[in-house]
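These are the residues of each chain, in order.
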Amino acid sequence: MKYLVIVGDGMADYPVEEVNGKTPLQVAEKPNMDEIARRGRMGMLRTLRPSLPRGSDVANLIMLGYDPCSCYTGRGPLEAAARGIRAGDDEVVFRCNLITVEENRVADYSGGHITTGEAEVLISELNKRFSNIGRFYTGVSYRNIFVSKRGQGLKATPPHDIVGEEYGKHLLKPDNEDSRLLNRMMVESISVLSENQVNIRRRNKGEKPANMAWIWGQGRMPNLEPFALKHGLRGAVIAAVDLIKGIGRLAQMHVPDVPGATGYYDTSYENKAVYAVKSLEESDFVYLHVESPDEAGHEGSFETKVKVIEEMDKRLFRKILDSVDENVSISILVDHPTPVSVRNHTLDPTPFAVMKPGLNGDGLPFDEDSGLRGSFGLVDGMEIVKLIKRV
Ligand SMILES: [Zn+2]
């Protein structure tokens, strides 16, 4: 038996009054996801912990069977692993957002969705100026990496949580030698970046400048037990975002780069399906992560979320159902809800479905209500790989 697990990031939601109390999953036309759910069994999955950040990193570690309390060190190290960035045992790896500040307030956590090419220029400027403190690495668009010997244990704030607020109130804490040095670097980055040609051009085009380097999500590089050792299966990860690719790399799974996979609405669902099916040749377990529903949740758009789910169903699920044989079990998981009314992740359990030849199906469509009525009941995320293998 081979196992294909498809994760709709942030795909679950709350009932929306304007559409008769329905959710995006209930409104969306998704015959292929529903076919998998009807032929399979459903339940609810507890994917997060109240004591930990409610991030996709924590949720996906848990769903792959890794206890974040013992192996989660922060977002930075996971994204660095996806890029093959190395750090010493005494070094700390941060996520570095290139953000927009206006009148001492955070105006945009994404620097106006600066392009990766533009980010590269700004990152090399930062390296020239701050090489005595650490090293900056380009990632994707505004999502970059900073490595330093300083900063372990400091409290840092994700910029997407403080849009509109004075950045001065959210610099690194508590006050000590490390935080003073790193905070001064962040504040000085404003003058370094503001007058750079990239930002002059952006301002002239009416685009937001990426005029501050904001570091957060730091930790030391984690040690993950190899996936094959943990589950006795050769594993692969198909994803666009560094966070998930990094988990796969650290777990020594096969993580191909998928052309056209962007982590946004313009991602190539087709290529992701093709690479997932291809990976089933060499691997026993393929983890296919799709980011776009989460982006729609953060954007707060019900219509966009419905459209994204319909696109996924038509262009990814159909292609997979047409390409795999009876020897493949297909599961649908959701790492956390990103309700359009909240525009952020919540701790609520999420619906899941497991379809496998010979399994008596629950006959339910894939949505939150069905999850609650499903025959698996409530399952802890750490148990889901074992359950998928066992049933
Ligand atoms: Zn997520």
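Here the structure is shown first, and the text comes after it.
Residues numbered from 1 in each chain as written. Predicted model: local features only at pLDDT ≥ 70, side-chain atom pairs only at ≥ 80, totals over all residues. Heavy atoms only, no water.

Participant: Even after reading the chapter, I still don't get the pairing of strand β3 (residues 92-102), so can you show me in this structure?
Facilitator: Here is the key point about a regular strand: its side chains alternate between the two faces of the sheet. Of all eleven residues that make up β3, ten are buried, and the element is covered over most of its length. In terms of strand pairing, β3 meets strand β7 (residues 212-219) through six bridges, oriented antiparallel. Note on β7: the bridge partner recorded for V93 is G219. In terms of strand pairing, β3 meets strand β4 (residues 105-108) through three bridges, oriented antiparallel. The residue of β4 that forms the bridge with T100 is D108. (Buried < 20%, exposed > 50% of the residue type's maximum accessible area, 1.4 Å probe, protein only. Helix = DSSP H or I, 4+ residues; strand = E, 2+ residues; numbered from the N terminus. Pairing = 2+ DSSP bridges.)

Participant: Help me understand the layout of surface pockets in this model?
Facilitator: The method is simple in principle: a probe with the dimensions of a water molecule rolls over the atoms, and the space it marks as empty is what remains. In this structure, the largest pocket encloses a volume near 1200 Å³. Lining the largest pocket are 44 residues; nearest its centre among them are R75, P158, H160, D161 and W216. When residues of the lining of the largest pocket are traced back to their parent elements, those giving at least two are α3 (56-63), α5 (75-82), β3, β4, β7, α10 (242-250) and α12 (292-299). Here the lining of the largest pocket gets four residues from one element, more than from any other, and that element is α12. Among the residues forming the lining of the largest pocket, the class breakdown is 14 nonpolar, 15 polar and 15 charged. Counting the residues that make up the lining of the largest pocket, at least three belong to each of domain 1 (2-72 + 223-390) and domain 2 (82-219). (1 Å grid on protein atoms, 1.4 Å probe; cavity = no way out; pocket = protein on both sides within 12 Å on 5 of 7 lines; lining within 4 Å. Points joined across faces, edges and corners; volume = space filled by probe spheres on them. Nonpolar A, V, L, I, M, F, W, Y, C, P; charged D, E, K, R; others polar. Domains from an automatic or database assignment.)

Participant: Would you mind going over the coordination of the zinc ion with me for this structure?
Facilitator: Working reference: metal with six octahedral donors, ideal angles 90 or 180 degrees; metal with four tetrahedral donors, ideal angle 109.5 degrees. Listed as protein donors to the zinc ion are D9 (OD), D9 (OD), S56 (OG), D335 (OD) and H336 (NE2); their distances from the metal cover 1.9 to 2.5 Å. We note that the donor set of the zinc ion lies within a single chain, spaced as D-x46-S-x278-D-H. Of this pair, D9 sits in the loop between β1 (2-8) and α1 (24-27) while H336 is found in the loop between β10 (328-333) and β11 (350-355), placing the two residues 327 residues apart along the sequence. Assigned by exposure class, D9 and H336 land together as buried. (Donors = N, O, S within 2.8 Å, 3.2 Å for Na, K, Ca; no water.)

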